[in-house]
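Residue-level listing of the chains:
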Amino acid sequence: MDLIGCVGWILTMATAGHNEWRLWYVEDVSVVNSGVAWVGVWRACFYSHTLPDSEFCQPISIADLFVPVEISVAQVVIMVAVITGLLGNILGAYAVRNIYFGQKTHDFIRLMFSGAGGLYVLTGVSFLVPLVWNVKSVLTNQTVAFPPEFHLPPAPLRQEVGGAIWMGVGASIFLIFGGLLFLCYRYVVRAKPVSGENDKDPLHGPPIRLKSILENGDKETRDNPAFQADEDF
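As the structure is a prediction and not an experimental result, all values here were calculated from the model.

Cut-offs used in this document
- Residues numbered from 1 in each chain as written.
- Predicted model: local features only at pLDDT ≥ 70, side-chain atom pairs only at ≥ 80, totals over all residues.
- Heavy atoms only, no water.
- Helix = DSSP H or I, 4+ residues; strand = E, 2+ residues; numbered from the N terminus.
- Buried < 20%, exposed > 50% of the residue type's maximum accessible area, 1.4 Å probe, protein only.
- Areas by Shrake-Rupley, 256 points an atom, 1.4 Å probe, with all protein chains shown as cover.
- Patch = residues over 30% accessible without salt bridge, like charges linked within 9 Å, V, L, I, M, F, W, Y side chains within 5 Å.
- Salt bridge = Lys/Arg side-chain N within 4 Å of Asp/Glu carboxyl O.
- Pairing = 2+ DSSP bridges.
- Axes fitted to C-alpha atoms, helices over the stretch in contact; angles between N-to-C directions.
- Contact = heavy atoms within 4.5 Å.
- Core = buried A, V, L, I, M, F, W, Y, C linked by side-chain atoms within 4.5 Å.
- Parallel < 35°, antiparallel > 145°, perpendicular 65-115°, else oblique.
- Left-handed = near helix turned anticlockwise from the far one by under 90°.
- Nonpolar A, V, L, I, M, F, W, Y, C, P; charged D, E, K, R; others polar.
- UniProt positions renumbered as here; feature names shortened; annotations may be inferred.

*Asks:* When you look at the overall build of the chain in this model, what are you seeing that I'm missing?
*Replies:* Helix and strand content of the chain: six helices and five strands. Counting from the amino terminus, helix and strand elements in the chain follow one another as α-β-β-β-β-α-α-β-α-α-α. Within the span of the chain, comprising 233 residues, buried residues form 34% of the whole. Carbon and sulfur atoms form 65% of the exposed surface of the chain, whose accessible area is close to 13,900 Å².

*Asks:* Mind showing me how you'd approach a nonpolar patch on the surface here?
*Replies:* Nonpolar side chains collect at one region of the surface, where Trp42, Ile62, Val76, Met79 and Val80 lie side by side and expose about 430 Å² of accessible area between them. Checked against the element boundaries, valine 80 lands in helix 2 (residues 69-101). By relative accessible area, valine 80 is classed as partly exposed at 45%.

*Asks:* I tried to follow the sheet that holds strand 5 (residues 158-161) on my own but got confused; where do I start?
*Replies:* Pairing between sheet strands relies on hydrogen bonds along the backbone, with the strands arranged either parallel or antiparallel. Strand order in the open sheet made by the five strands is 4-3-2-1-5, with antiparallel pairing throughout. Looking at which strands have only one partner, the edges of the open sheet turn out to be strand 4 (55-59) and strand 5. In this sheet, adjacent strand axes meet at a mean angle of 20° when their direction is disregarded. Bridge analysis of strand 1 (residues 22-25) against strand 2 (residues 36-39) gives four bridges, and the strand direction is antiparallel. Paired with leucine 23 across the two strands is tryptophan 38, which belongs to strand 2. Most of the contacts of helix 3 (residues 106-139) go to strand 5, to which it runs at about 150°, and overall it touches strand 1 and strand 5.

*Asks:* Even after reading the chapter, I still don't get the nonpolar core, so can you show me in this structure?
*Replies:* The tendency in soluble globular proteins is for nonpolar side chains to be buried as a group. Membership of the largest hydrophobic core comes to 28 residues, with the highest contact counts inside it found for Trp21, Phe46, Ile60, Phe146 and Leu152. The set of elements that each furnish at least two residues to this core consists of strand 2, strand 3 (43-47), helix 2, helix 3 and helix 4 (163-183). Ranked by residue count, the leading element in this core is helix 2, at four residues. The residues contacting phenylalanine 46, other than those within four sequence positions of it, are Val31, Val32, Val36, Ala37, Trp38, Leu51, Ser54, Glu55, Phe56, Phe150, His151 and Leu152. Ile109, Ala116, Leu175 and Phe182 belong to the second-largest nonpolar core, a separate cluster that totals ten residues.

*Asks:* Sorry if this is basic, but what is going on with the pattern of salt bridges here?
*Replies:* Side chains that carry opposite charge are capable of pairing whenever their charged atoms lie near each other. Enumeration over the complete set of coordinates arrives at two salt bridges. A salt bridge links arginine 22 to glutamate 70; the shortest N-O distance between them is 2.7 Å. On the criterion of sequence distance, the pair formed by arginine 22 in strand 1 and glutamate 70 in helix 2 is long-range, its members being 48 residues apart. Considered together, arginine 22 and glutamate 70 belong to a single accessibility category, that of buried residues. Arginine 158 is the salt-bridge partner of glutamate 160, the closest N and O atoms lying 2.7 Å from each other. With relative accessibility at 29%, the residue glutamate 160 sits in the partly exposed group.

*Asks:* It is not clear to me how the packing of helix 2 against helix 3 should be interpreted in this structure. Could you clarify?
*Replies:* Any two packed helices are characterised by the angle at which their axes cross and by the distance between the axes. Relative orientation of the contacting elements helix 2 and helix 3 amounts to 160°, with a least axis distance of 8 Å. As the angle between them shows, helix 2 and helix 3 are arranged roughly antiparallel. Handedness of the helix 2/helix 3 crossing: left-handed. In terms of residue class, the contact of helix 2 with helix 3 is built from 23 nonpolar, eleven polar and one charged.

*Asks:* What should I look at first to understand the UniProt feature "transmembrane region" (unreviewed entry) in the chain in this one?
*Replies:* Taking the UniProt record as the reference, the feature "transmembrane region" (unreviewed entry) is found at residues 73-96, 108-133 and 164-185. Across residues 73-96 one finds 100% helix and 0% strand; the C-alpha atoms that close the span lie 34 Å apart.

*Asks:* Can you help me understand unusual backbone geometry in this one?
*Replies:* Backbone geometry follows two general trends: most residues other than glycine have a negative phi, and most peptide bonds adopt the trans configuration. For asparagine 141, which is not a glycine, the phi torsion comes out positive at approximately 55°. Residue position: asparagine 141 is located in the loop between helix 3 and strand 5. Of note in the backbone geometry, histidine 151 takes a positive phi value of approximately 60° without being a glycine. Residue placement: histidine 151 occurs in the loop between helix 3 and strand 5.

Pasting the structure below:
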């Protein structure tokens, strides 16, 4: 359970640092020589043979006025998701540890599992919001008014959904699934034998008691007049 959530959290951070949220196909290839630019949440990049850097990148800040709302929301949600996912990992690991060592009560362990599951589900669902929003912007070919230093046009010829978004969808699925497993967990309580239950069946009693029963039974048999008459005969 905790492993699934941890994988989802790692994929969340990988998605945040990936540049391929949107693939922009531009008409002017004098600077963007490959004709494709990658627009991510934190920066925009493309390959160029005319600029000093073959892989030219410009950072995107939440304070920039040209940044569209869906990218600004993605930046905020990603930072929150990383924190909540980390807290979910910590609570999940602590809950699993207490199961093996039995240092806490059942109610406390159940509370830890519920907390970890809630954080995982919250992280996964909230992370889906900027992903879906950016997919909508790509499908409707929304523009971004990049400043001149980005060397990108305000509108591309066409856009495609980048691999980072599909990675983020996978991360959300892992987080939500791991969270549901935590929420569905039930602590297994082992039933204790009822006191005196073994006394009802002499075959399941302690060895000493069974030996005593056999010895008494043999003595009673020898004291039986019918048994003695058979021996005299």
